[in-house]
Amino acid sequence: MNDIAAVAGQLARLRESLQQKQLELDGVLSFSDAERARGIQFINKLMLSCRGFDRELDNRFAKLKQKLDNNPAFTALDADLLAIEKLLQQHSNAIEESMTLTQAAIDLGSRQLKTIKGFPEETRKSLKEFLASPAGYGIADHQKKVIRLLEFYQQAIKIQLLPSQPLQVNQEQSTAESESNPGEPQAENDAFDLKEHVRLADELQRLITELDFAGSIGESLSDIRRQLLIGINPALLAETSLQVIELIIEGTREERKASRAFLSTLNESLSAVHVGFTESLDEGRALHNETKETREALVNELQAIDQTLASHNTLDALKEAISGHMGAINQLLQERENTAARERHLLTRLSTMESKLRLMKEETAEYKKRLTIQKHKLFLDSLTQVHNRAALDERLEQEYKRWLRYRTPLCMAIIDIDHFKNINDNYGHMAGDKALKVVAKALQSALRDTDFIARFGGEEFVVLLPNINPDKFQKPLETLRQTIKSIPFRFRDAKVEITISIGATLFKEGDNPSDVFERADKALYHSKHTGRDQVTLA
């Protein structure tokens, strides 16, 4: 009994100990769950605060959020957290560099603003306060200063471009006008939007490069584009746009007129050939029937001679009968001669028709060649002389279908000229055009005959590389990058270095062209935001 009591006491103490440990474990788990919830909440807030700064960072956070929804162990997220930490560090470095460059640009712009004359007094006071303000601390401060700086520049440009329009409406004049016209709403003094004007002018000149008209219309369009590149008065932009539309309509009308004239001439020639062919066919049938009748008549006369020789006994009667048959035969031979003359005339007509048909065939072939050239021009970028976006759409569809059928490796690469805007701003649009031409020609020369290149828009090009080695497709892209970097580009005796950034990817199982383009575009984005002048594969 004493042993049983001792055992019971030990069991009771053991139960109490286990209960105590259970309480301690529940506390630890509760604390762990709370810490986990705070960690997840912190990650969500971090994701929201970083959204929109970097596409790859957003994608990483999105994938991390999906994993967190499945309630995994934190140790399983080490690789994702490490990748995000690296991206955040890169982003931090990029922000510091951007803020340094922005502050330098603000300082330069501020110094230039000091030299501009003609500001109203109130604006000049605001400018003085702006120049005396301390440097910004964060991105938001720098953005506000840049926006304010642009406002001052906008007013400065209005002073130079639109001197006839006052920068401010006189308050007394405005009040007088409102009192003199009480029933009419007072017109607002809309500010001139220089940025929009520049965008529209640039878009118009770019669209002109897509056109390809010969003769005076093409020359007129080229003149307009040169004016747009140099700079055009905002008041003339609408009129210039209408002029471009009129030239396009006139060019289209001329091409339609030429096509209509050719088709009309072709139709008349075909009608003449048809009439001549019908007449020749009828004449041929008539000659055939007459030849047949003459042959039959000649056979009948020969048979009649045989019968005469058998039936006449006297020489005189035989001579008289033979003489009559010979006269009939001579008549038949004369008719045969006439028929032969008509046959020769028919052959001459047929020969003439053959010449007309040959000439029509040559004219049709020439017109077909012109149409082929015109079609080729429709798929050609007139500035760079490489394919345009329409040609890219057509070729991409062909290559995609071929890839679906044969599964041969196919690579898409997007190429962007680095700092192209700086070339336009520092050396002018003519230098930008020259750079585009040089780069396009160099890229095309460095590609294989089976490869395809097109100007996608602005300073971007798209390259398709069929039948590429999937393990070594970075090498030809690096060759393209090095080729462009080694170009000794000069403009107005100034050496200009040109580099390109490339984003590339292979077509993969389940892809469509949009998926592939998006991957290549993300890879290009990575190249542009991690130093440029590099190739990124996705």
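Our structure's up above, just so we're on the same page.
Here we summarise the structure given alongside this text. (Residues numbered from 1 in each chain as written. Predicted model: local features only at pLDDT ≥ 70, side-chain atom pairs only at ≥ 80, totals over all residues. Heavy atoms only, no water.)

## Thoughts on helix H14 (residues 474-485)
Residues that lie three or four places apart on an α-helix share one face, since the helix turns once every 3.6 residues.
Consideration 1: Across its twelve residues, H14 extends 16 Å between first and last C-alpha, which sits within 8% of the 16 Å expected from 1.5 Å per residue.
Consideration 2: Three or more residues of H14 are buried, namely Leu-477, Leu-480, Arg-481 and Ile-484. The arc that holds the buried residues of H14, viewed along the axis, is 95°, so those residues lie on one side.
Consideration 3: Lining the buried residues of H14 we find strand S1 (410-417), helix H13 (429-446), strand S3 (460-466), strand S6 (500-506) and strand S7 (535-537). (Helix = DSSP H or I, 4+ residues; strand = E, 2+ residues; numbered from the N terminus. Expected span 1.5 Å × (residues − 1). Buried < 20%, exposed > 50% of the residue type's maximum accessible area, 1.4 Å probe, protein only. Arc of directions from axis to C-beta. Contact = heavy atoms within 4.5 Å.)

## Digging into the side chain of Gln-205
Consideration 1: Tracing the backbone through its elements, the reader meets Gln-205 in helix H7 (residues 194-209).
Consideration 2: Note on Gln-205: relative accessible area 8%, which makes it buried.
Consideration 3: Among residues more than four places away in sequence, those in contact with Gln-205 are Arg-225, Leu-228 and Leu-229.

## Observations regarding the pairing of S6
Consideration 1: Along S6, seven of the seven residues are buried, which leaves the element largely enclosed by surrounding structure.
Consideration 2: Alternating residues of S6 divide into Ile-500, Ile-502, Ala-504 and Leu-506 and Ser-501, Gly-503 and Thr-505, and every residue in both groups is buried.
Consideration 3: In this structure, S6 lies alongside S7, joined through three bridges in parallel fashion. Bridge assignment links Gly-503 to a residue of S7, and that residue is Thr-536. (Pairing = 2+ DSSP bridges.)

## Quick notes on the pattern of salt bridges
For side chains of opposite charge, pairing can occur when their charged atoms come near one another.
Consideration 1: Summed over the entire model, instances satisfying the criterion amount to 16 salt bridges.
Consideration 2: Arg-226 is the salt-bridge partner of Asp-223, the closest N and O atoms lying 2.1 Å from each other. Placement of both Asp-223 and Arg-226 in helix H8 (residues 215-230) is noted, with a separation of three residues, approximately one turn of the helix.
Consideration 3: According to the relative accessible area criterion, Asp-223 is partly exposed, its value standing at 35%.
Consideration 4: Relative accessible area serves as the criterion here: at 42%, Arg-226 is assigned to the partly exposed category.
Consideration 5: A salt bridge links Arg-402 to Glu-399; the shortest N-O distance between them is 3.0 Å. Taken together, the residues Arg-402 and Glu-399, both in helix H11 (residues 389-406) and three residues apart, mark about one turn of the helix. (Salt bridge = Lys/Arg side-chain N within 4 Å of Asp/Glu carboxyl O.)

## Here we look at unusual backbone geometry
Consideration 1: Phi is positive for Asn-467, close to 55°, though the residue is something other than glycine.
Consideration 2: One non-glycine residue with positive phi stands out, namely Asp-533, at about 50°.
Consideration 3: In this structure, Asp-533 sits in the loop between helix H15 (513-529) and S7.
Consideration 4: A relative accessible area of 18% places Asp-533 in the buried class.

## As for the sheet that holds S6
Consideration 1: Pairing is mixed across the open sheet formed by five strands, whose spatial order is S2-S3-S1-S6-S7. Taken across any chain shown, the strands that pair with only one partner, and hence form the sheet edges, are strand S2 (452-457) and S7. Within this sheet the neighbouring strands show an average axis-to-axis angle of 20°, counted without direction.
Consideration 2: Across the face of the sheet, H15 comes into contact with S1, S2, S3, S6 and S7 while running at roughly 145° to S6. (Axes fitted to C-alpha atoms, helices over the stretch in contact; angles between N-to-C directions.)

## Things to note about the packing of aromatic side chains
Consideration 1: Scanning the entire structure with this criterion turns up four aromatic pairs.
Consideration 2: Judged by centre distance (5.1 Å) and plane angle (35°), the rings of Phe-456 and Phe-517 are tilted. Taken together, the residues span a long stretch of sequence, with Phe-456 in strand S2 and Phe-517 in helix H15 at a distance of 61 residues.
Consideration 3: Put simply, the rings of Tyr-400, Trp-403 and Phe-507 pair up and form one aromatic cluster.
Consideration 4: Directly above the ring of Trp-403 sits Arg-407, whose terminal nitrogen or CZ lies 4.4 Å from the centroid.
Consideration 5: Sitting above the plane of the Phe-489 ring, Lys-434 keeps its charged end 5.4 Å from the centroid. (Phe/Tyr/Trp six-rings, centres within 6.5 Å; stacked < 30°, edge-to-face > 60°. Lys NZ or Arg CZ within 6 Å of the ring centre and 35° of its normal.)

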